[in-house]
Amino acid sequence: MTALDEGRTPERPVYREAVRTLLTVLAERAPGRSVEVRVPPYGAVQCVPGPRHTRGTPPNVVEMAADTWLALATGRLSWAQAVTDGRVQVSGNRADLSAHLPL
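Student: I tried to follow the nonpolar core on my own but got confused; where do I start?
Tutor: One recurring pattern in soluble globular proteins: nonpolar side chains tend to sit buried together. Judged by nonpolar contacts, the single largest core of 28 residues is most densely connected at Val19, Val37, Val62, Met64, Trp69, Leu72 and Leu97. Within the residue set of this core, elements represented by two or more residues are helix 2 (12–29), strand 1 (35–39), strand 2 (43–47), strand 3 (61–64), helix 3 (66–73) and helix 4 (79–84). Top element by residues in this core is helix 3. It accounts for 6 residues. Aside from chain neighbours lying at most four places away, what touches Trp69 is Val19, Leu22, Leu23, Leu26, Val39, Met64, Leu101 and Leu103.

Listed below in structure tokens is the structure:
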């Protein structure tokens, strides 16, 4: 996060590992399969209790850029602000992660 705080882009392997690690933490803290959280091109997880998704496009999807995900996960950006600013795309009635962030 230091690089991002300084306005620099971290090296790709470092960026990827940070995104994936924090996605894993989210899935562990909010276990379930009703929401798919996507941070392309680095990773995606299913989380949040509720009806399980098994085929096709899930009804509850959250998608964002890696810098947005890292800011949300670490508390540098609030869920409400990210949604208001259009930095997070959400679909479905379970796609609100505010209760699970920051990590």
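Student: Can you help me understand the environment of Thr24 in this one?
Tutor: By the element assignment, Thr24 lies in helix 2. Of the residues examined, Thr24 reaches a relative accessible area of 38% and is grouped as partly exposed. Separated by 22 residues in the primary sequence, Thr24 and Gln46 have C-alpha atoms spaced 9.6 Å apart.

Student: Looking at this model, I keep getting lost on the sheet that holds strand 3. Mind explaining?
Tutor: Whenever strands of a sheet pair, they do so through backbone hydrogen bonds, lying parallel or antiparallel. Ordered by their spatial adjacency, 4 strands build an open sheet running 2-1-3-4, and the pairing between neighbours is mixed. Edge strands, defined here as strands with exactly one partner in the open sheet, are strand 2 and strand 4 (88–91). Neighbour-to-neighbour, the strand axes of the sheet open up by a mean angle of 15 degrees, direction not taken into account. Direction of pairing for strand 1 relative to strand 3: parallel, over a ladder of 3 bridges. By the bridge assignment, Arg38 is partnered in strand 3 with Glu63. The strands that helix 2 touches are strand 1 and strand 2; relative to strand 2, the one it contacts most, it runs at about 5 degrees. The strands touched by helix 3 are strand 1, strand 3 and strand 4; relative to strand 3, the strand with the most contacts, the crossing angle is about 110 degrees.

Student: What exactly am I supposed to notice about the packing of helix 2 against helix 3 here?
Tutor: Two measures define how a pair of helices packs: the angle their axes make with one another and the distance between the axes. The interhelical angle for the contact between helix 2 and helix 3, taken along N-to-C directions, is 50 degrees, at an axis separation of 10 Å. Relative to helix 3, helix 2 is oriented oblique. Handedness of the crossing formed by helix 2 with helix 3: left-handed. Packed against helix 2, whose contacting residues are Tyr15, Ala18, Val19, Leu22, Leu23 and Leu26, the element helix 3 presents Ala66, Asp67, Trp69, Leu70 and Ala73 at the interface. Its residues placed into classes, the contact of helix 2 with helix 3 shows 10 nonpolar, no polar and 1 charged.

Student: How should helix 3 be read in this particular structure?
Tutor: Residues separated by three or four positions in an α-helix point in the same direction, a consequence of the helix having 3.6 residues per turn. Within helix 3, 7 of the 8 residues are buried, which leaves the element mostly enclosed by the surrounding structure. Every buried residue of helix 3 is listed here: Ala66, Thr68, Trp69, Leu70, Ala71, Leu72 and Ala73. In the core, the buried residues of helix 3 are packed alongside helix 1 (2–5), helix 2, strand 1, strand 3, helix 4 and strand 4. Within two residues after helix 3, Gly75 carries a phi angle of roughly 80 degrees, on the positive side.

What counts, and at which threshold
- Residues numbered from 1 in each chain as written.
- Predicted model: local features only at pLDDT ≥ 70, side-chain atom pairs only at ≥ 80, totals over all residues.
- Heavy atoms only, no water.
- Core = buried A, V, L, I, M, F, W, Y, C linked by side-chain atoms within 4.5 Å.
- Buried < 20%, exposed > 50% of the residue type's maximum accessible area, 1.4 Å probe, protein only.
- Helix = DSSP H or I, 4+ residues; strand = E, 2+ residues; numbered from the N terminus.
- Contact = heavy atoms within 4.5 Å.
- Pairing = 2+ DSSP bridges.
- Axes fitted to C-alpha atoms, helices over the stretch in contact; angles between N-to-C directions.
- Parallel < 35°, antiparallel > 145°, perpendicular 65-115°, else oblique.
- Left-handed = near helix turned anticlockwise from the far one by under 90°.
- Nonpolar A, V, L, I, M, F, W, Y, C, P; charged D, E, K, R; others polar.

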